[in-house]
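Residues per chain, in single letters:
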Amino acid sequence: MTYDEFFAKWLGKGCDVDGAYGRQCKDVFSAFNRDVVGAPYLVGNAGEIWYKAPTKYYEKIINTITAVPQKGDIMIWLPYWGNSFGHISICYSANIMWFTSLDQNWPKQGYYDSKGNFIGTGVCHFQNHNYLWPKVVGWLRKK
């Protein structure tokens, strides 16, 4: 599947690959990882993907002041104050100041169940971001 086919398939739809906690940002990554990259499922939350992504499938690019992601790069935020799981999205377009990515559950969409688990209810959409707050640690590029 091409990047554009993936974006067209999921834009405006909810994605819940693992069947846990509703529609989370990690589910969109998991679908991309499976359908576009052809890599095995990775267990863990969004921020952990930065450490777990297999080098056989991905090149890791650290966010610097001059680095610019490309369409299809997997944008990663590590956990930060107010978000203990981090965030992950798929880059659609970018320049040195901002980027637009396919996101789900950003901004936070959903509710807390009786056990305190956040259950995501959002759908995939294009979201504008900057690189600084919350800080993007880097991105993964398909090899």
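The text that follows walks through the structure, step by step, so that each part is easy to find. (Residues numbered from 1 in each chain as written. Predicted model: local features only at pLDDT ≥ 70, side-chain atom pairs only at ≥ 80, totals over all residues. Heavy atoms only, no water.)

## A word on the nonpolar core
The condition is simple: Here, nonpolar core means buried Ala, Val, Leu, Ile, Met, Phe, Trp, Tyr and Cys residues that are tied together by side-chain atoms lying within 4.5 Å of each other. For each residue, the accessible area found with a 1.4 Å probe, counting protein chains only, is set against the maximum for its type, and the residue is called buried under 20%, exposed over 50%, and partly exposed in between. Only DSSP runs of H or I covering at least 4 residues are called helices, and only runs of E covering at least 2 are called strands; the numbering of each starts at the N terminus.
Counting residues in hydrophobic clusters, the biggest one holds 27 residues, and the most contacted among them are Phe 6 and Ile 74. Here the element with the most residues in this core is helix H2 (residues 25-37); it accounts for 7 residues. In terms of nonpolar packing, the next biggest core, distinct from the first, is built from 9 residues, Met 75, Trp 77, Tyr 131 and Val 136 among them.

## With respect to the pairing of strand S7 (residues 125-130)
Across a regular strand the side chains alternate sides, sitting on one face of the sheet and then on the other. What counts, and what does not: Criterion used throughout: strands pair if DSSP finds at least two bridges between them.
Every second residue of S7 is oriented toward a common face, the buried set being His 125, Gln 127 and His 129 and the non-buried set Phe 126, Asn 128 and Asn 130. Pairing of strand S4 (residues 98-103) with S7 involves 6 bridges; the strand directions are antiparallel. Looking across to S7, one finds that Ser 101 is bridged to Gln 127.

## Observations regarding the pattern of salt bridges
Threshold: Any carboxyl oxygen of Asp or Glu that lies within 4 Å of a side-chain nitrogen of Lys or Arg is treated as forming a salt bridge with it.
Taken as a whole, this structure holds 4 salt bridges when the rule is applied. The shortest N-O distance in the salt bridge between Arg 34 and Asp 35 comes to 2.7 Å. The closest approach of N and O atoms between Arg 141 and Asp 73, which form a salt bridge, is 2.7 Å. Here Arg 141 is found in strand S8 (residues 136-142), whereas its partner Asp 73 is found in the loop between strand S1 (58-62) and strand S2 (74-77), with 68 residues between them in sequence. The same class applies to Arg 141 and to Asp 73, which are both buried. Where salt bridges share partners, they join Lys 9, Arg 34 and Asp 35 into one cluster.

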